[in-house]
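Observations on chain architecture
The chain contents come next:
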Amino acid sequence: MLLEATGLIKKYNGKTVVDNISFSLNEGEAYGLLGPNGAGKSTTIGMIFGLVRPDGGTVMVEGLDAWQKPLQAKKLLGYVPQEIALYGDLSARENLMFWGRMYDLGGSRLKDRVAQVLDIVGLSERGGDKVETFSGGMKRRINIAAALLHEPKVLIMDEPTVGIDPQSRTYILETVKNLNAQGTTVIYTSHYMEEVEFLCHRIGVIDHGRLIAQGTLHELRSLVGEAGQVSFVLRGSRDGFLEAVQSLPQVKQATLQEDRLVVTTTESANALAAVAATLAAAGVEMQKVDIQEPNLEAVFLHLTGRALRD
Ligand code: ADP
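Residues numbered from 1 in each chain as written. Predicted model: local features only at pLDDT ≥ 70, side-chain atom pairs only at ≥ 80, totals over all residues. Heavy atoms only, no water.

**Comments concerning the sheet that holds strand E5 (residues 64-65)**
The following threshold applies: By this definition, two strands are paired if DSSP reports at least two bridges between them. In DSSP terms, a helix is any run of H or I states spanning at least four residues, a strand is any run of E spanning at least two, and both are numbered starting from the N terminus.
Taken in spatial order, the four strands line up as E2-E1-E4-E5 in an open sheet, and their pairing is antiparallel. Across the chains shown, the open sheet's two edge strands, defined by having one partner strand only, are strand E2 (15-25) and E5. Looking at chain direction, strand E1 (residues 3-12) and E2 are connected through eight bridges and run antiparallel. By the bridge assignment, tyrosine 12 is partnered in E2 with lysine 15.

Listed below in structure tokens is the structure:
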């Protein structure tokens, strides 16, 4: 186990904002913390990186107690906050040199790392330009570059795509995906379910400071039970098959809406095959099939009764 957070608790003014959160990461994994604004994501990762003092619980990184040995732990961790202080009148490269020295890097090693991290975030060509000329998305990419300077084993990211242009957002998501593919372990917080679906091997769903569910996307989807919908657009005769489809064991519900047969199922793939066979036996032609898997939005709604985004 590379990182293990156990029983994390944080209270502000008597109110518990992180309530007994535990999760762990194997080396190379990408773990997503998904939850709405105010759920406790920032506070949780702040406790992991040593920015927020826990009121309970422990954080172990490579067997090291991160709160007992903060300097050693920080060597293994890279943290990307939403904003870091960048000097607008200094170039991107100069800003990164400054951050590198804070991580005890120097000399040619620092220069090399600055060049490498600028390349990773796709800003090599802008390295000599003053940061004040950068868009919000580019500044966010410099934040990521700064967190990578000391080659951390674990990259911890706090909603890195909030409030930036779609192009930078895509770039950041691809960059994180690549870093993870090359072996960097990732903790990624977001209130965008499609981001954690895209990036993360395992996902913790957090609400009101509690981890209300945890698992792979597949495991979380199966919590919803009522799984996906498959719809079949039919051609020609549409008689004499609805009852047969409704009585299939894989089918929970089937309705015919004009030329569209909509099937609710617990197992989309199996249901699709069974319904297709039933239709063929009844001599009904299919024009088009759509499968809608339940997404994390549905999982969140199922668990909390509320939508993920307000
Ligand atoms: P998220 O990152 O999921 O949006 P946060 O961890 O930032 O959530 O916040 C969780 C809760 O803790 C919120 O209700 C927030 O207002 C509260 N909170 C966060 N930091 C502080 C602080 N320094 N002082 C008081 N309350 C705080």
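**Regarding the site of the ligand**
Convention followed: Near residues are defined by distance, with any heavy atom within 4 Å of the molecule or strand qualifying the residue. Polar contacts, as counted here, are pairs of nitrogen or oxygen atoms within 3.5 Å of one another; within protein the pair requires one atom able to donate a hydrogen and one able to accept it, and residues that are adjacent in sequence qualify only if both atoms are side-chain atoms. Exposure was quantified through the Shrake-Rupley algorithm and a 1.4 Å probe, taking into account, for residues, occlusion by the shown protein chains and nothing else. Note on residue categories: nonpolar means Ala, Val, Leu, Ile, Met, Phe, Trp, Tyr, Cys or Pro, charged means Asp, Glu, Lys or Arg, and polar means any other residue, Gly included.
Around the ligand lies a shell formed by Tyr12, Lys15, Val17, Pro36, Asn37, Gly38, Ala39, Gly40, Lys41, Ser42 and Thr43. In this structure, glycine 38 approaches the ligand through a main-chain N or O atom, which is 2.7 Å from an oxygen atom. Take glycine 40: an N or O atom from its main chain is 2.9 Å from an oxygen atom of the ligand. Taken by itself the ligand offers 560 Å² of open surface, and the protein chains cover 61% of this. Sorting the residues of the shell around the ligand by element identifies E2 and helix H1 (41-49) as the ones contributing at least two each. Classifying every residue of the shell around the ligand by side-chain character gives four nonpolar, five polar and two charged.

**Regarding the packing of helix H3 (residues 92-102) against helix H4 (residues 107-120)**
Going by this rule: Axes here refer to lines fitted to C-alpha atoms; in helices the fit is confined to the stretch in contact. Angles between the N-to-C directions go from 0 to 180 degrees. Here the angle decides the label: under 35 degrees means roughly parallel, over 145 means roughly antiparallel, 65 to 115 means roughly perpendicular, and every other value means oblique. Note on convention: near helix rotated counterclockwise from far helix by under a right angle means a left-handed crossing. Clockwise means right-handed. Here, two residues are considered to be in contact whenever any of their heavy atoms come within 4.5 Å of each other.
One can describe the packing of H3 onto H4 by two numbers: an axis separation of 10 Å at closest approach and a directional angle of 125°. It follows from the interaxial angle that H3 and H4 lie oblique. In this structure, H3 meets H4 at a crossing whose hand is right-handed. Taken together, the residues of H4 that come into contact with H3 (itself represented by Ala92, Arg93, Leu96, Met97, Gly100 and Arg101) are Leu110, Lys111, Val114, Val117 and Leu118. Of the residues assigned to the contact of H3 with H4, the class counts are seven nonpolar, one polar and three charged.

**A word on the pairing of strand E3 (residues 30-34)**
Quick reminder of the rule: In this scheme, a residue with accessible area under 20% of its type's maximum is buried, one over 50% is exposed, and one in between is partly exposed, where area comes from a 1.4 Å probe on protein chains only.
The element E3 is extensively covered by neighbouring structure, given that five of its five residues are classed as buried. By the alternation rule, side chains of E3 split into Ala30, Gly32 and Leu34 and Tyr31 and Leu33, which are all buried. With five bridges connecting them, E3 and strand E8 (residues 185-190) associate as parallel partners. Directly across from alanine 30, in E8, lies its bridge partner valine 186.

**Here's the deal with helix H5 (residues 136-148)**
What counts, and what does not: Multiplying 1.5 Å by the residue count of a helix minus one yields the expected span of that helix.
The terminal C-alpha atoms of H5, which comprises 13 residues, lie 19 Å apart, in line with the 18 Å expected from a rise of 1.5 Å per residue. By the criterion of burial, H5 is predominantly enclosed, with 11 of the 13 residues buried. When we look at burial in H5, the residues that qualify are Gly137, Met138, Arg140, Arg141, Ile142, Asn143, Ile144, Ala145, Ala146, Ala147 and Leu148. Packed against the buried residues of H5 are strand E6 (77-80), H3, H4, strand E7 (154-158) and helix H6 (166-181).

**What about the sheet that holds strand E9 (residues 202-207)?**
Pairing between sheet strands relies on hydrogen bonds along the backbone, with the strands arranged either parallel or antiparallel. Here six strands make up an open sheet; going across it, the order is E6-E7-E8-E3-E9-E10 and the pairing mixed. Strands with a single pairing partner mark the edges of an open sheet, and in this sheet they are E6 and strand E10 (210-215). Taking each pair of neighbouring strands and ignoring which way they run, the sheet shows an average axis angle of 15°. Direction of pairing for E3 relative to E9: parallel, over a ladder of four bridges. For leucine 33, the partnering residue across the bridge sits in E9 and is glycine 204. Against the sheet, H6 touches E3, E7 and E8, its axis set at about 150° to E8. Its contacts with the sheet put helix H11 (residues 296-304) on E3, E9 and E10, and the angle it makes with E9 is roughly 40°.

**A few points about the domain arrangement of the chain**
Selection rule: Residue ranges assigned to the domains are those given by an automatic or database domain assignment.
Examined at the domain level, the chain breaks down into domain 1 (3-222) and domain 2 (226-293). Taking the mean C-alpha position of each, domain 1 and domain 2 sit 44 Å from one another.

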